[in-house]
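Overview (structure and organization)
Below are the chains, spelled out letter by letter.
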Amino acid sequence: MGRVHRRAGGGGLTRTAGYPGRFPEFGPPFHGLARLDGNCDHRAMVVRLTEENWAATRKYLRETGDRFAGLLTSPGSDTNATATWTVTDTAAHVATLARFYHQMVDPAGCDDPLAVPEELVRSTIVDTVDAANEELLRLFPERDPRALADLLVRDVDRILTATRDADPATALPWLGGSRVPLGGLLAHLLNELQIHGRDMARPMRRPWHVPPREAAPFFEMFLVGVTEYGYGRLLEGHGPAPAGRIAVEFRSDHTAPVVMAMTDGFVTVEEPDGRPDVRLFFDPTALNLMLFGRISRARAVLSRKVVIRGRRPWVLPAFLRIVRLPS
């Protein structure tokens, strides 16, 4: 499973076909993470999973986890971070994901796994993530800031230890019948720390800066990865999809160029071909905040952190109505 394919001249790691495992709690047993073994395969993938961005994502995850824990144990953790969650509720949410991902990648090493119902994982889509988050919080009652900080740092450390020699292109099952590369799973947890760290820091009046290079793995490894590996039912519930094809080329200084194309509602990723409908130039930090509803599209565009060009820029709203994230 997940043998290494080295693109000519690029040194990138890409996924081979096939996935024999599932969550250890759900269905057939998970057979473990593929290891970097230097074998080759001739299938090229669009998602960019290189030795460099894998190492960088791991470094950012550790550093951001430590920074998040430091923020959590600062004065003011009893304030509201969002309309419905306190700072400690928000931190507990991120801690549930760290625990969940720990038990995914290292089931034997997780001594206190969450009893997550199989149906919850299988049925959760973008529009029902809020309900799934509340169920995970119910399964994880800890709310003491220092205890949460210790648990979060421990789970991040164990995730990194368990995946030290793993192939970042290994496919893992995720929400709504989707699959993600292991590199994308870690990038998703990194983004949760970044987004919710900002949620916590603002009412606490503490600094929280996310450099664009550290925000980039979420788009490059997770969003592109889950789209290419198979997003299952994640995007259901959007209403009628626009007919025909919309191709959006994404470019930034911190990611490889890629096209996300939607054809009659079905989304794929492709290498750029020079003829997209929309070219979207982005700062990864701003794009992530926009996609998760932390800043408006107007603010992202007016700040020039997101720049929209192309032959048919007016089709972008229809694309983003389908290709969306919880906000």
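Description of the structure in this document. (Residues numbered from 1 in each chain as written. Predicted model: local features only at pLDDT ≥ 70, side-chain atom pairs only at ≥ 80, totals over all residues. Heavy atoms only, no water.)

With that out of the way, let us pick up the overall build of the protein. From N to C terminus, the protein includes 10 helices and 10 strands. Per-residue burial for the protein yields a buried fraction of 54% across its 327 residues. Relative to all contacts within the protein whose residues are 6 or more apart in sequence, the contacts with residues 24 or more apart total 75%. Of the accessible surface of the protein, which amounts to about 13900 Å², a share of 53% is contributed by carbon and sulfur atoms. (Helix = DSSP H or I, 4+ residues; strand = E, 2+ residues; numbered from the N terminus. Buried < 20%, exposed > 50% of the residue type's maximum accessible area, 1.4 Å probe, protein only. Contact = heavy atoms within 4.5 Å. Areas by Shrake-Rupley, 256 points an atom, 1.4 Å probe, with all protein chains shown as cover.)

Now for unusual backbone geometry. Despite not being glycine, Asp264 shows a phi value in the positive range, around 50°. Within the secondary structure layout, Asp264 lies in the loop between strand S7 (255-263) and strand S8 (266-270). With a phi close to 65°, Arg304 is a non-glycine residue in the positive phi region. Within the fold, Arg304 resides in the loop between helix H9 (297-302) and strand S10 (306-309). On the accessibility criterion, Arg304 (57% relative accessible area) is exposed.

All right, on to the sheet that holds S10 then. Reading across from one edge, S8-S7-S6-S9-S10 is the order of the five strands in this open sheet, with mixed pairing throughout. With partners counted over all chains shown, the strands left at the sheet margins are S8 and S10, one partner each. Direction aside, the axes of adjacent strands within the sheet are offset by 20° on average. In this sheet, S8 lies alongside S7 in antiparallel orientation, the contact comprising five bridges. (Pairing = 2+ DSSP bridges. Axes fitted to C-alpha atoms, helices over the stretch in contact; angles between N-to-C directions.)

Moving on to helix H5 (residues 145-162). The end-to-end C-alpha distance of H5 is 26 Å, a good match for the 26 Å that 18 residues give at a rise of 1.5 Å each. Among the residues of H5, those classed as buried are Leu148, Ala149, Leu152, Asp155, Val156, Ile159, Leu160 and Ala162. Close packing links the buried residues of H5 with helix H1 (51-72), helix H2 (87-105) and helix H6 (182-204). (Expected span 1.5 Å × (residues − 1).)

Looking now at the pairing of strand S9 (residues 278-282). One face of the sheet, then the other: side chains in a regular strand alternate in exactly this way. Here S9 shows one buried face, formed by Val278, Leu280 and Phe282, and one open face, formed by Arg279 and Phe281. Across four bridges, strand S6 (residues 245-252) lies against S9 in parallel orientation. The residue of S9 that forms the bridge with Phe250 is Leu280. Taken together, the four bridges between S9 and S10 define a ladder with antiparallel strand orientation. What sits directly across from Phe282, in S10, is Val306.

Between side chains of opposite charge, a pair can form when the charged atoms approach closely. Overall, the coordinates contain 18 salt bridges when judged by the stated rule. With a shortest N-O distance of 2.9 Å, Arg245 and Glu270 are connected by a salt bridge. Here Arg245, found in strand S6, pairs with Glu270, found in strand S8; they are 25 residues apart in sequence, far enough to count as distant. Given the relative accessible area of 21%, Glu270 is considered partly exposed. Among the salt bridges present, the one from Glu249 reaches Arg279, with a minimum N-O distance of 3.0 Å. Within this pair, whereas Glu249 is found in strand S6, its partner Arg279 is found in strand S9, the two being separated by 30 residues in sequence. By relative accessible area, Glu249 is classed as buried at 1%. The network of salt bridges with shared partners includes Arg99, Asp112 and Asp155. (Salt bridge = Lys/Arg side-chain N within 4 Å of Asp/Glu carboxyl O.)

This paragraph deals with the nonpolar core. Judged by nonpolar contacts, the single largest core of 99 residues is most densely connected at Met200, Phe219, Phe250, Met260 and Phe319. Among all residues touching Phe219, those that are not within four sequence positions of it are Val224, Phe250, Thr255, Val258, Met260, Phe282 and Leu287. (Core = buried A, V, L, I, M, F, W, Y, C linked by side-chain atoms within 4.5 Å.)

Time to look at the environment of Arg138. On the secondary structure map, Arg138 appears in helix H4 (residues 129-139). Judged by its relative accessible area of 56%, Arg138 is exposed. A sequence separation of 42 residues divides Arg138 from Thr96, and the C-alpha atoms of the two residues are 9.9 Å apart.

Another point: the packing of H2 against H5. Running from N to C, H2 and H5 point in directions that differ by 25°, and their axes come no closer than 9 Å. With respect to H5, the element H2 is oriented roughly parallel. Taken as a pair, H2 and H5 cross one another with a handedness that is left-handed. On H5, the residues that touch Thr88, Ala91, Ala92, Val94, Ala95, Ala98, Arg99, Tyr101, His102 and Val105 of H2 are Pro145, Leu148, Leu151, Leu152, Arg154, Asp155, Arg158, Ile159 and Ala162. Here the contact of H2 with H5 is built from residues that sort into 13 nonpolar, two polar and four charged. (Parallel < 35°, antiparallel > 145°, perpendicular 65-115°, else oblique. Left-handed = near helix turned anticlockwise from the far one by under 90°. Nonpolar A, V, L, I, M, F, W, Y, C, P; charged D, E, K, R; others polar.)

This part takes up H2. In a regular helix each residue adds 1.5 Å, so 19 residues correspond to 27 Å; H2 covers 27 Å between its end C-alpha atoms and thus fits that length. H2 sits mainly inside the fold: 19 of its 19 residues count as buried.

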